[in-house]
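Each chain is listed here by its residues.
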Amino acid sequence: MVWTTEQTIAFLDGIADDELYALFHLIALRRGEACGLRPEDVDLKGQALTVATQLVDINGEIEENAPKSDAGNRLVALDGGTVKVIKRHNKRQRQAREGEGAAWVDSGRLFTRPNGAWVEPTWLSDYFDRLVKRLGLRRSACTTSATARPRWRSRPEPR
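Worth saying up front: this structure is predicted, and the values here are computed from it rather than measured.

Conventions adopted
- Residues numbered from 1 in each chain as written.
- Predicted model: local features only at pLDDT ≥ 70, side-chain atom pairs only at ≥ 80, totals over all residues.
- Heavy atoms only, no water.
- Phe/Tyr/Trp six-rings, centres within 6.5 Å; stacked < 30°, edge-to-face > 60°.
- Helix = DSSP H or I, 4+ residues; strand = E, 2+ residues; numbered from the N terminus.
- Buried < 20%, exposed > 50% of the residue type's maximum accessible area, 1.4 Å probe, protein only.
- Pairing = 2+ DSSP bridges.
- Salt bridge = Lys/Arg side-chain N within 4 Å of Asp/Glu carboxyl O.

Chemist: Describe the packing of aromatic side chains, listing the residues and the values that go with them.
Modeler: Evaluated as defined, the whole model comprises five aromatic pairs. An angle of 25° between the planes, with centres 6.4 Å apart, marks the rings of phenylalanine 24 and tyrosine 127 as stacked. Placement of the pair is phenylalanine 24 in helix 2 (residues 21–25) and tyrosine 127 in helix 5 (residues 121–135), with a sequence separation of 103 residues. Judged by its relative accessible area of 4%, phenylalanine 24 is buried. Pairing tryptophan 123 with tyrosine 127 gives two aromatic rings, centres 4.7 Å apart and planes at 15°, and the pair type is stacked. Note that tryptophan 123 and tyrosine 127 are positioned in helix 5 at a spacing of four residues, about one turn of the helix.

Right under this line is the structure:
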């Protein structure tokens, strides 16, 4: 099942204040690719990001690897709304880093847990399921696979 535009909007509106909102807004990538994004992979002025790495679970250990396929190492154009979402995320992450002080884990990732640790792909799937359940929505295969481009790409940033 793939979510309708209305279901996707309901999900994004429902998690508008979540620290990983920008990740879910950008989830057209494979989850490992989204988890593996680094700040240097994102060019906000050029409105693009480069998929250069992914995080994968190999026998219970998280490792950084090259993208899954030749198509994985690619440049992805970003619309203006997504750029705003990422800027908002970056500001929120800077505040979290300041709040954590010396306890901040410098994982080198664009999307992190509240303490700076990287977001593991399996944890992300479980977290997504908890958010979906909390909002009373049904899980969508589209949000865990990059095979379909979301139709909500140009959805404006929540207030």
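Chemist: I'd like a rundown of the sheet that holds strand 1 (residues 42–43), residues and numbers included.
Modeler: Read from one edge to the other, the open sheet built from three strands follows the order 1-2-5, with strand pairing classed as antiparallel. If you trace the sheet from one side to the other, it starts and ends with strand 1 and strand 5 (74–77), each paired once. Relative to strand 5, strand 2 (residues 48–51) is paired through four bridges, and the arrangement is antiparallel. Paired with leucine 49 across the two strands is valine 76, which belongs to strand 5.

Chemist: Describe the pattern of salt bridges, and please don't skip the residues or the numbers.
Modeler: Here the structure, examined in full by the defined rule, presents four salt bridges. Between arginine 88 and aspartate 17 there is a salt bridge whose closest N-O contact spans 3.9 Å. Here arginine 88 is found in helix 4 (residues 80–100), whereas its partner aspartate 17 is found in the loop between helix 1 (5–14) and helix 2, with 71 residues between them in sequence. When its relative accessible area of 26% is taken as the criterion, arginine 88 is described as partly exposed. The shortest N-O distance in the salt bridge between aspartate 41 and arginine 38 comes to 2.7 Å. What emerges from the salt-bridge pattern is a single network uniting Arg38, Glu40 and Asp41.

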